[in-house]
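Listed below are the residues making up each chain.
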Amino acid sequence: MHTKLNMENQKTQTIILELKEEAKQSLERPLFEYFMEEPRRVETMSVSAPFIYADFSKNLLSSKTFQKLCLIPLTLQIDEKIKKMFGGDDINTTEIRPALHTLLRRIETPSSPALVSKHALCVKALRQLESITREIVEGKKKSAFGERITDVVSIGIGGSHLGPKLVLDALRKKTSELNIHFLENADQNEIARVLNVLEPRNTLFLVASKSFSTGETLLNANEAKKWLSQSHPCPKELNQSFIGITNNSLAANAFGISNENILPLWDWVGGRFSVWSAIGLPIALGRGMTTFYEFLAGAEEMDDHFLNSPVNNNLPIILALLSFWNHNCLGAESYAVVPYCDNLRFLPSYLQQLEMESNGKSITIDGNEASYNTAPITWGGVGTASQHAFFQLLHQGTRMIPVDFILPLQTGDFDQELEHYRVANCLAQSETLMLGNKRKNTKPEKRLTGSRPSTTLMMDNLSPRALGALLSLYEHKTETLGFLWNINSFDQWGVENGKNAATRIMQGLNSKDYSGHDQSTSSLMRKYVERIVKDEKE
Ligand code: F6P
């Protein structure tokens, strides 16, 4: 049985039907005409949130239609769902657990009396993070070889990797001599690239894994052990060269990490929402606890904006509504995130997991198949380089692909020419996507239709606070879309099957038994093994 979008809410259904009708007209109207009709369009279709000014006037809808979009959260009572999330209700309905990533940054007081104990755990973990950071940075905590730690390798994948990697790269002011590295894929070339330049006696490994059962992470952790063991003389105990960041301390103990070297995670924080937790240790080590606290504080400011702003002035909700309009009404299949700043080069990958692993679902909360599209495809790249890669398709392709332009200002030593160039190109792309080229007698191959929508997020700066606010903004956009689509944004059953299949295929490769698989997979397994055997004989 298909569940219509919240069919039981007749008001919502009526609004959506009207919006779909209006969408058909919008697709026929040149976007720039809205500006002709609405002299105050920018004023009515822009909003200031913490550290971020958003101009969404270059989206393909009238301000009247936008106001109608803003009725949906009200008829769906999305504010109630938001409050339940912050309040610790079991909104992760298939795993029967809360989604309390917001508690991680509410350091002063918990958002409700019911969260006092969980809040105390968060504060305690922050203090552990602070102390372990101090011990390592000040050289008090030695490696298993009894020597100072100069290099830290964070082993993790997905939410245990993407957040720290993004934040460490975005905030480039080093506050310690420590060099931070990352091991993500189970790939001997990556392992060689990262470890070959390091000295085992001075290297500390962080095994960042909420489950402590992710294949790639365990393989890399064992490779790290082997690498350390190749040193001579090798200490009997390697424990001191590892720190575990996990919700599964038993598995971490079994690997050889003792409890005093384990920082806690909890099942009420999803992996892709965990950068604010002890998973953020690489940030604290490389950029300092003050920076980490600033990062948390910026996210909390956006939390407060999300909790307290009216719908038509609430940036996370507006981004969610524009996504609903672009994808569920106008029919766009994907959208591009294009930060015009090298410091945010890892943002598209981070948002891919956040948005696509959260809302890449087809079953609604009540267990029925959704009769509408849910998450679009999130992709993107850094500007201006993307102008020399995929902007051709954005301007002249057959598909309408909305763009989020992210434009941080004051990102480094001000060089007027470079800054003007960066800003001018960002604004030029959004203007050209909207206007196309209306020159008369333009040859067909040189015509740009225009009317291609975009939103520009201009950031005051790229301080730790501003970055925290930006990531919190997209978390809340993601949650709001989940509430709107009536899906569970906090589980990820779809990735389990792939993991289990890989285990079965590994067993088949090791035993050279290719049965139990489809014809193609069996044939590929066989070809692979035969190729290895052939190589070994040569
Ligand atoms: O991709 C599946 C997933 O479970 C993500 O949700 C998670 O961030 C990642 O794998 C790593 O999981 P863990 O932190 O348990 O190793």
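Everything discussed here concerns the structure shown above.
Residues numbered from 1 in each chain as written. Predicted model: local features only at pLDDT ≥ 70, side-chain atom pairs only at ≥ 80, totals over all residues. Heavy atoms only, no water.

A. Examining the sheet that holds strand S4 (residues 151-155) more closely. Read from one edge of the open sheet, five strands run S5-S4-S6-S7-S8, paired in parallel fashion. Of all strands in the sheet, those with a lone pairing partner are strand S5 (179-183) and strand S8 (262-264), marking the two edges. Averaged over all pairs of adjacent strands, the angle between strand axes in this sheet comes to 20°, irrespective of strand direction. Here S4 runs beside strand S6 (residues 203-208); their pairing, made up of five bridges, is parallel. Across the sheet, Val152 pairs through a bridge with Leu204, a residue of S6. The sheet contacts of helix H9 (residues 188-195) involve S4, S5 and S6, and relative to S5 the element is tilted by about 170°. (Pairing = 2+ DSSP bridges. Helix = DSSP H or I, 4+ residues; strand = E, 2+ residues; numbered from the N terminus. Axes fitted to C-alpha atoms, helices over the stretch in contact; angles between N-to-C directions. Contact = heavy atoms within 4.5 Å.)

B. Looking closely at the pattern of salt bridges. Counted under the stated rule, the structure contains 31 salt bridges. Of the charged contacts, one joins Glu538 and Lys534 as a salt bridge, the two residues approaching to 3.4 Å between their closest N and O atoms. One salt-bridge network, in which partners are shared between bridges, spans Asp169, Arg172, Asp342 and Arg345. (Salt bridge = Lys/Arg side-chain N within 4 Å of Asp/Glu carboxyl O.)

C. Main features of the side chain of Asn425. With respect to the secondary-structure elements, Asn425 resides in helix H17 (residues 416-435). The buried category is assigned to Asn425, whose relative accessible area is 13%. Non-local contacts of Asn425, meaning those with residues more than four positions away in its chain, are made with Tyr340, Thr384 and Gln387. (Buried < 20%, exposed > 50% of the residue type's maximum accessible area, 1.4 Å probe, protein only.)

D. Structural detail: helix H6 (residues 78-87). All of the buried residues along H6 are Ile78, Ile82, Met85 and Phe86. Along the axis of H6, the buried residues cluster in a sector spanning 95°; they form a single face. Looking at the buried residues of H6, the elements they touch are helix H5 (72-75), helix H13 (289-308), helix H14 (315-329) and helix H18 (464-485). Of the residues flanking the end of H6, it is Gly88, one or two places downstream, whose phi is positive at about 90°. (Arc of directions from axis to C-beta.)

E. View of the site of the ligand. By nearness alone, 15 residues border the ligand, and Ser160, Ser209, Ser211, Thr214 and Glu357 come closest of all. Within the contact set of the ligand, an oxygen atom lies 2.7 Å away from a backbone nitrogen or oxygen of Gly159. Take Ser209: an N or O atom from its side chain is 2.7 Å from an oxygen atom of the ligand. Look at the ligand: alone it shows 390 Å² of surface, and the protein chains cover 88% of it. Going through the elements one at a time, helix H15 (347-359) and helix H19 (494-511) are the ones with two or more residues in the shell around the ligand. (Near = heavy atom within 4 Å. Polar contact = N/O pair within 3.5 Å; in protein donor to acceptor, adjacent residues only side chain to side chain. Areas by Shrake-Rupley, 256 points an atom, 1.4 Å probe, with all protein chains shown as cover.)

F. Structural context of the packing of helix H1 (residues 10-26) against H14. Between H1 and H14, the shortest axis-to-axis distance is 10 Å and the interhelical angle comes to 75°. Compared by their axis directions, H1 and H14 come out roughly perpendicular. Of the residues in H14, those touching H1 at Ile16, Leu19, Lys20, Glu22, Ala23 and Ser26 are Phe324, Trp325, Asn328 and Cys329. Considered class by class, the residues forming the contact of H1 with H14 number six nonpolar, two polar and two charged. (Parallel < 35°, antiparallel > 145°, perpendicular 65-115°, else oblique. Nonpolar A, V, L, I, M, F, W, Y, C, P; charged D, E, K, R; others polar.)

G. Looking closely at the packing of aromatic side chains. Overall, the coordinates contain 14 aromatic pairs when judged by the stated rule. Each ring, one from Phe86 and one from Phe306, has its centre 6.3 Å from the other, and the planes form 45°; the classification is tilted. Placement of the pair is Phe86 in helix H6 and Phe306 in helix H13, with a sequence separation of 220 residues. Residue class for Phe86 comes out buried when judged on its relative accessible area of 3%. Residue Phe306 is classed as buried on the basis of its relative accessible area of 1%. Judged by centre distance (4.8 Å) and plane angle (5°), the ring pair of Trp266 and Trp268 falls under stacked. (Phe/Tyr/Trp six-rings, centres within 6.5 Å; stacked < 30°, edge-to-face > 60°.)

H. Just the nonpolar core, in detail. Of all hydrophobic cores here, the largest spans 116 residues; its most connected members are Ile72, Ile245, Leu470 and Tyr474. The greatest single-element share of this core, amounting to 11 residues, is contributed by H18. In this structure Ile245 touches Leu206, Val207, Ala208, Ser209, Lys210, Leu263, Leu265, Ala278, Ile279 and Leu281, once residues within four positions along its chain are discounted. (Core = buried A, V, L, I, M, F, W, Y, C linked by side-chain atoms within 4.5 Å.)

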